[in-house]
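Survey of secondary and tertiary structure
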Amino acid sequence: MSGPVTAVRHTGEFFAFCLDTLRGLGRRPVQVREFIQQAWFISSVSILPAALVSIPFGAVIALQLGSLVSQLGAQSFTGAASVLAVVREAGPIVTALIIAGAGGSAICADLGSRKIREELDAMQVLGIDPIHRLVVPRVLASMLVAVLLNGLVSVVGVTGGYLFNVVLQGGTPGAYLASFQALGQLPDLLVGEVKALLFGAAAALVASYKGMTAKGGPKGVGDAVNQSVVITFMLLFALNFIVTAVYFQVVPQKGS
C-alpha cells in the first residue's frame, strides 16, 4: 500500500504546488530580471536542437503521408496532411520534448542544488517565498519560449516536408500549397500555440516541483532530474490527447 499511497500524496502535493504557482502569478513585485535571464537561457539551449530535430520530423511525416496518399490516389492532399500534422501535432510535441529535456532538466538541477544547499529554507526564514521568487519566472519564461519555439519548429518542419515531398516524391509545389489552403484554417495554428503554451508550463512546473522536493544530496538531485523528464514526457502526451480531443469536438473541420 505504500506505493499507491505515496503516489497519491505526491500527486496532491504537485497540484497544491501548481495552485501556489498560479496564485503567485498575480503577486508583486514581478521578477522581471529573473524572467529575462531564464527566457534567454531556455531559448539558448533549445533553439538549435529544436531546429535540427524538426527537419527529420517534417521529412518523415511528408514521406510517410506521401506514400500513404499515393496508395489511396489522393496525391493532391499531401500538402494539407503534412502541414496540418506538423502544425497541429508534431510542432508542439517536438517543442515540449526539447524544452523538457534541455530547459526542464536545467531548471530541476538548479532548484535541486539550491534545495540541498538549504538556500530555499534560508529564503523562507528571510520571508521570501521561493515559489514567487524562483518558480514563477521560470514557468513564465518556459511558456514564452515554448510559444516562440513552436513557431520556429513549425516553419522548419513544414519547409522540410515541402522540400522532401517536391524533390524526392515528385510532388508539384502548386498542389502542395493549394491543398493546405483548401483544408487548413486559423484554429489549426492557434491550437498548436495553445498546446505549446500548456506544454511549456507543464514542463516547468514538473521540473520546479521535482527540484524543490529533491532529497539525498547530489544523487538525489540527479534522480529528480531523471524523474522530471520522464514524468513530463508522460504528462505531455496525456495533455496532447485531451487538447486534441476537445479541439475536434469544438472546432468544425473544413471539408467535413
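Starting from 1, residues in each chain are numbered consecutively following that chain's sequence as written. Confidence filtering applies because this is a predicted model: local features only for residues at pLDDT of at least 70, side-chain atom pairs given and counted only at 80 or more, and all residues used for totals across whole chains, interfaces and linings. By convention in this description, side-chain values take in all heavy atoms of the structure and omit both hydrogens and water.

The name recorded for the chain in an unreviewed UniProt entry is Phospholipid/cholesterol/gamma-HCH transport system permease protein, from Micromonospora cremea.

Here we take up helix H5 (residues 130-168). Helix length check: H5, at 39 residues, gives a terminal C-alpha distance of 53 Å against a target of 57 Å (1.5 Å per residue), a fit within 8%. At Val-136, H5 is bent by approximately 30°, the largest bend along its length, and proline Pro-137 sits one to four residues beyond. Where H5 begins, the side chain of Asp-129 points an oxygen toward the backbone nitrogen of Ile-131, at a separation of 3.2 Å. Where helices and strands are cited, they refer to DSSP runs of H or I of at least four residues and of E of at least two residues respectively, numbered from the N terminus. Expected span, for any helix, means 1.5 Å times one less than how many residues it has. Bend is the name given here to the angle between axes fitted to two runs of seven residues, the run ending at a residue and the run starting at it. Two N or O atoms count as a polar contact when they lie within 3.5 Å, although within protein this holds only if one can serve as hydrogen donor and the other as acceptor, and sequence-adjacent residues are included solely when both atoms are side-chain atoms.

Before going further, it helps to examine the pattern of salt bridges. Whenever Lys or Arg places a side-chain nitrogen within 4 Å of a carboxyl oxygen from Asp or Glu, that contact is recorded as a salt bridge. Inspection of the entire model under this criterion finds eleven salt bridges. Glu-34 serves as the salt-bridge partner of Arg-138, at 2.9 Å between the closest nitrogen and oxygen. A residue pair is termed long-range when its members are at least 10 positions apart, and Arg-138 in helix H5 and Glu-34 in helix H2 (residues 32-72) qualify at 104 residues. By the burial criterion, Arg-138 is buried, and Glu-34 matches it. Taking the shortest distance from any N to any O, the salt bridge between Arg-138 and Asp-110 comes out at 2.7 Å. Linking Arg-138 in helix H5 with Asp-110 in helix H3 (residues 78-116), this pair joins segments that are 28 residues apart in sequence. A cluster of three or more residues bridged by salt bridges with shared partners is formed by Glu-34, Asp-110, Arg-114, Arg-117, Glu-119, Arg-133 and Arg-138. Only protein chains enter the accessibility calculation, which uses a 1.4 Å probe. A residue is then buried if its area is under 20% of the maximum for its type, exposed if over 50%, and partly exposed in between.

Turning our eyes to something else, we now look at the side chain of Ser-154. You can see Ser-154 is positioned in helix H5. For Ser-154, a relative accessible area of 7% translates into the label buried. A contact between two residues is defined here by any heavy atoms of the two lying within 4.5 Å. Sequence-distant contacts of Ser-154, defined by excluding residues within four places in its chain, comprise Val-86, Val-87 and Gly-91.

Once that is clear, we can look at the UniProt feature "transmembrane region" (unreviewed entry) in the chain. UniProt positions are given in the numbering used here, feature names are shortened, and annotations may be inferred rather than shown by experiment. The positions UniProt marks with the feature "transmembrane region" (unreviewed entry) are residues 39-61, 93-113, 139-164, 189-209 and 229-250. Annotation note: span residues 93-113, helix share 100%, strand share 0%, distance between end C-alpha atoms 28 Å.

Helix-helix packing is described using two parameters, namely the angle between the two axes and the distance between the axes. Note on geometry: axes are lines fitted to C-alpha atoms, helical ones only across the stretch in contact, with angles between N-to-C directions running from 0 to 180 degrees. Contact geometry for H5 and helix H7 (residues 186-212): axes closest at 8 Å, N-to-C directions at 145°. Here H5 runs over H7; the crossing is right-handed. Side by side, H5 and H7 meet where Pro-130, Ile-131, Val-135, Arg-138, Val-139, Ser-142, Met-143, Ala-146, Val-147, Asn-150 and Gly-151 of the first sit next to Gly-192, Glu-193, Ala-196, Leu-197, Gly-200, Ala-201, Ala-204, Leu-205, Ser-208 and Met-212 of the second. The hand of a helix crossing depends on one turn: near helix anticlockwise from the far one by less than a right angle means left-handed, and clockwise means right-handed.

Aromatic rings from Phe, Tyr and Trp, taking only the six-membered ring of Trp, are treated as a pair when their centres fall within 6.5 Å; an angle between ring planes under 30 degrees marks them as stacked, one over 60 as edge-to-face, and anything in between as tilted. Overall, the coordinates contain four aromatic pairs when judged by the stated rule. Ring geometry for Phe-14 against Tyr-209: centres 5.5 Å apart, planes inclined by 70°, an arrangement best described as edge-to-face. You can see Phe-14 sitting in helix H1 (residues 2-24) and its partner Tyr-209 sitting in helix H7, a full 195 residues away along the chain. The class of Phe-14 is buried, set by a relative accessible area of 16%. In textbook terms, an aromatic cluster arises when at least three aromatic residues are bridged by ring pairs, as seen for Phe-14, Phe-15, Phe-17 and Tyr-209.

Turning our attention to unusual backbone geometry. Working note: non-glycine residues mostly have negative phi, and peptide bonds are mostly trans. Phi is positive for Glu-118, close to 65°, though the residue is something other than glycine. Mapping Glu-118 onto the fold places it in the loop between H3 and helix H4 (119-125).

This brings us to the environment of Val-87. Relative to the helices and strands, Val-87 is located in helix H3. Judged by relative accessible area, Val-87 falls into the buried class, the value being 12%. It is 5.5 Å that separates the C-alpha atoms of Val-87 and Ser-154, two residues lying 67 residues apart in sequence. Other than its neighbours up to four places away in sequence, Val-87 contacts Pro-92, Ser-154, Val-158, Asp-188, Leu-189 and Gly-192.

By nonpolar core is meant a set of buried Ala, Val, Leu, Ile, Met, Phe, Trp, Tyr and Cys residues that side-chain atoms within 4.5 Å join together. If you look at the biggest cluster of nonpolar residues, it comprises 38 residues, and the most contacted ones within it are Phe-17, Val-135, Val-139 and Met-212. Contributing elements (two or more residues each) for this core: H1, H2, H3, H4, H5, H7 and helix H8 (217-250). With ten residues, H5 is the largest single contributor of residues to this core. The residues touching Val-139, leaving out its near neighbours within four places in the chain, are Thr-21, Ala-201, Ala-204 and Leu-205. Ile-93, Ala-96, Ala-202 and Leu-236 belong to the second largest nonpolar core, which has five residues in total.

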